[in-house]
Amino acid sequence: MVNLQKKALEIRKDVLEMIFHAKTGHTGSDLSCTDILVTLYYDVMNIDANQPDDPNRDRYIQSKGHAAEVYWAVLADKGFLEKEELKTFSAYGSRLIGHPNNKVAGVEMNTGSLGHGLPIATGMALAAKKNQKHYRTFTLLGDGELAEGSVWEGAMAAAHYQLDQLTAIIDRNGLQISGASEDVMRVEPLADKWRAFGWHVLEVDGNDISALSEALHQQPVTGKPTCIIAHTVKGKGISLAENQAGWHHRVPNQVEFDQAIAELEAQLEVLDHE
Amino acid sequence: MNKIANRQIMCETLLEQAKKNNDLLVLTSDSRGSASLLPFAEQLPTQLIETGIAEQNIVGMAAGLAHSGKRPFVASPACFLSMRSIEQIKVDVAYSNTNVKLIGISGGVSYGALGMSHHSLQDIAVTRAIPNLEVIIPADRFETKAVFNYLAESDKPAYVRLGRNPVEDCYSEELTSFEVGKAVTMQDGRDLTLIATGETVRVALDAALALEQQGLSVRVLNIHTIKPLDQQAIIKAAQETKLVMTLEEHSIYSGLGAAVAEVISAIPQSAPVKILGIADEPAITGKTKEIFEHYGLSVENIKQIVTDYFRKNG
């Protein structure tokens, strides 16, 4: 797991560089879910950049589309695009826009409007069942996103169709653009809500790759989709952004950027000595 | 008097196609009855997916199914499908380019007595502004069959509006083909052109007959495909005839008439365009025919406007 922790720090550095260079991006949102994407892409999912359309591949739908920078960084590192292209992020005409874009191999669906991922993932998981395929479908949602009614329409349908190969991961960092999600629109009791909708629910530390790995590798409960509530820290990894709603889409200035990179490198150094 | 509704033809055609291709799925939002899909549900239960009354989810799920190689047809009332689900249509279907066919049933003022919540008089406006989405409205049962045979083979996202009640035939026999984006000249003429779509095509044909009895030569264009629009047919009409009148079961704003006017406005010395449709108000309730007559989508009103125009303008 040390290697994956290092990978997550490297990805965080890529994310900060993209955002600092482009002067735009969702810094806090990217950093909160970086460990989730790293666990999925390096430890859990069956995917291959050389066969992006393999009908048996696992599916990933990033419903919280605004955390696009971390998605681009992971896809580049996995070989779905050249790392050099990350420099074009948000530039005129670039494929690497501020939300997932299926012009890039590896991105299944365009997202950006919140509340869309779970219905889509439900359709994909239902198709797997009908086609007698065994791939798994994952979707990552933000916690602020849970105020969207379409999330719960999808939650109902996934349970109704007993889609046990479907996993929804909630990036529960507790913050959204205007402040604490419990103040903006209360979502608790969150686990009870998903259970009441007929889902199997797990709660983990969403910045702990070992815990995420264990949860994501668990055998599903037959006939029930799984919801993993991943308790995360918004802005995780750089002290000035951690747990700060204001960093939802703030861009670091030069001083902040240098400090952030230095912090990430210090954490890498610690891991090197383990 | 035709007694077969277009939605029944849809069901028959989809059943026939779905028996040949088990990837063809129909999704309903508690709408299998109103879509006349009960025979489909009975004969191919594994190819009918019920989503309950959840119009956002039905389109999202359809997009996920299409992405995995299925050929989903979403059959849901046009009033909800074109409004409640429009963001899923824009993003999950059109933008992501998933092969979803969106079938707006009971379109226009089919649910005439149920009021504005159940009328879909803005669906052309909103769907035609979305890139990568075909917009199709068949005129009668023969065209409906041809359209659904086309849709079963096509790989492109499409929105199709169907009315609820049987409509009089516009064609005299089964069609052998359907060419998307190609207007049909139902009859040719030199003096004026009536341009119609869906249930107003029959009105246009009846009005043409009445005008011919007054000595006018009338062209009738059936724009079954609002998008992609057959611009050439419209330009020709504006150049070769002296008046263009559009007829639609839709708001007078941003529908067929607006689409025709957008094309003609760039053509020098073209015929003027008169747009007939439903006024910008919560539409009066009643039966389709009553509502059409109330808003002037009637032979009498068309005759009046045309007669006045030619009296003043020769």
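The residue numbering used here restarts from 1 in each chain and proceeds along that chain's sequence as written. Throughout, the order in which chains and ligands are written sets their labels, letters from A for the former and numbers from 1 for the latter. Local features in this predicted model are restricted to residues whose pLDDT is 70 or higher, and side-chain atom pairs enter the listing and the counts only when it is 80 or higher, whereas totals over whole chains, interfaces and linings include all residues. As a convention, hydrogens and water are excluded, and side-chain values are obtained from all of the structure's heavy atoms.

A. Expanded view of the interface of chain B and chain A. Only heavy atoms matter for contacts: two residues are in contact if any of them lie within 4.5 Å across the pair. Counting residues at the interface gives 24 residues for chain B and 24 residues for chain A. Polar contacts, as used here, are pairs of N or O atoms within 3.5 Å; protein pairs need one atom able to donate a hydrogen and one able to accept it. Residues neighboring in sequence count only if both atoms are side-chain atoms. Our count for the contact surface shared by chain B and chain A stands at 13 residue pairs in polar contact (both at pLDDT 80 or more). Strands here mean DSSP runs of E at least two residues long; helices mean DSSP runs of H or I at least four residues long; both are numbered from the N terminus. Of all the secondary-structure elements, those providing two or more residues to the side of chain B that touches chain A are strand 2 (48–50), helix 3 (55–67) and helix 5 (86–95) of chain B. Considering every element that reaches the side of chain B that touches chain A, the biggest residue donor is helix 3 of chain B, with 9 residues. Looking at the side of chain B that touches chain A residue by residue, the classes come out as 8 nonpolar, 10 polar and 6 charged. Amino acid classes used here: Ala, Val, Leu, Ile, Met, Phe, Trp, Tyr, Cys and Pro are nonpolar; Asp, Glu, Lys and Arg are charged; the rest, including Gly, are polar.

B. The packing of helix 1 (residues 2–22) of chain A against helix 9 (residues 254–272) of chain A, seen in detail. Residues and elements named next belong to chain A. Inter-axis angles, ranging from 0 to 180 degrees, are taken between N-to-C directions of lines fitted to C-alpha atoms, where helices are fitted over the stretch in contact. One way to put it is that helix 1 packs onto helix 9 with a least axis distance of 10 Å and a crossing angle of 170 degrees. Comparing their axes, helix 9 and helix 1 come out roughly antiparallel. Contact residues: helix 1 offers Val-2, Gln-5, Lys-6, Leu-9, Glu-10, Arg-12, Lys-13, Leu-16, Glu-17 and Phe-20, while helix 9 offers Gln-254, Phe-257, Ala-260, Ile-261, Leu-264, Glu-265, Gln-267, Leu-268, Leu-271 and Asp-272. A breakdown of the residues in the contact of helix 1 with helix 9 according to their chemical character gives 10 nonpolar, 3 polar and 7 charged. Our angle categories are set so that under 35 degrees counts as roughly parallel, over 145 as roughly antiparallel, 65 to 115 as roughly perpendicular, and the remainder as oblique.

C. Main features of the side chain of B:Glu55. Of note, B:Glu55 is situated in helix 3. For the exposure calls, accessible area comes from a 1.4 Å probe over protein chains only, and a residue counts as buried if that area is under 20% of its type's maximum, exposed if over 50%, partly exposed in between. For the purpose of charge, His is not counted, nor are the chain termini; Lys and Arg are scored as positive and Asp and Glu as negative. Think of a salt bridge as a Lys or Arg side-chain nitrogen and an Asp or Glu carboxyl oxygen that are within 4 Å of each other. One buried charged side chain, B:Glu55, makes no salt bridge at all; its nearest oppositely charged neighbour is B:Arg84, positioned 4.4 Å away. Look past the residues within four positions of B:Glu55 in its chain and what remains in contact with it is A:Glu153, B:Ser29, B:Ser76, B:Phe80, B:Arg84 and B:Ser85.

D. Broad picture of the nonpolar core. Counting residues in each nonpolar core, the largest one holds 76 residues, and the members touching the most others are A:Leu146, A:Trp194, A:Trp199, B:Leu27 and B:Leu102. In terms of residue count, helix 4 (residues 117–130) of chain A provides more of this core than any other element does, 8 residues in total. Bear in mind that the domain bounds are from an automatic or database domain assignment. When residues of this core are sorted by domain, at least three fall in each of domain 1 (6–161) and domain 2 (184–313) of chain B. Those residues within four positions of B:Leu102 in sequence are excluded, and the remaining contacts are B:Val59, B:Val74, B:Leu81, B:Ile89, B:Val93, B:Leu133, B:Ala158, B:Tyr159 and B:Val160. Joining through side-chain atoms within 4.5 Å is the link that ties buried Ala, Val, Leu, Ile, Met, Phe, Trp, Tyr and Cys residues into a set, and such a set is a nonpolar core. Membership of the second largest hydrophobic core comes to 42 residues, among which are A:Val70, A:Leu75, A:Phe138 and A:Ile228.

E. Main features of the packing of helix 8 (residues 200–212) of chain B against helix 12 (residues 299–313) of chain B. Residues and elements named next belong to chain B. Two numbers describe how helix 8 lies on helix 12: the axes approach to 9 Å, and their chain directions differ by 50 degrees. One way to sum up the angle between helix 8 and helix 12 is to call them oblique. The element helix 8 and its partner helix 12 pack so that their crossing is right-handed. On helix 12, the residues touching Val-203, Asp-206, Ala-207, Ala-210 and Leu-211 of helix 8 are Val-299, Ile-302, Lys-303 and Val-306. Two helices cross in a left-handed way if the nearer one is turned anticlockwise from the farther one by less than a right angle. They cross in a right-handed way if the turn is clockwise.

F. Geometry of the pairing of strand 8 (residues 192–196) of chain B. Residue and element names in this part refer to chain B. Taking burial as the measure, the 5 residues of strand 8 include 5 buried ones, the bulk of the element. On strand 8, burial covers both faces: Leu-192, Leu-194 and Ala-196 on one face and Thr-193 and Ile-195 on the other are all buried. A pair of strands is treated as paired once DSSP finds two or more bridges between them. As judged from the 5 bridges shared by strand 8 and strand 9 (residues 218–222), these two strands associate in the parallel manner. Each residue of the ladder has a partner; that of Thr-193, found in strand 9, is Arg-219. By convention, orient the strands away from the viewer: a clockwise path from the first strand over the helix to the second makes the crossover right-handed. This β-α-β element, strand 8 to helix 8 to strand 9, shows right-handed connectivity. Bridge count between strand 8 and strand 11 (residues 243–251): 5 bridges; the pairing is parallel. Residue pairing for strand 11: Thr-193 is matched across the bridge by Val-244.

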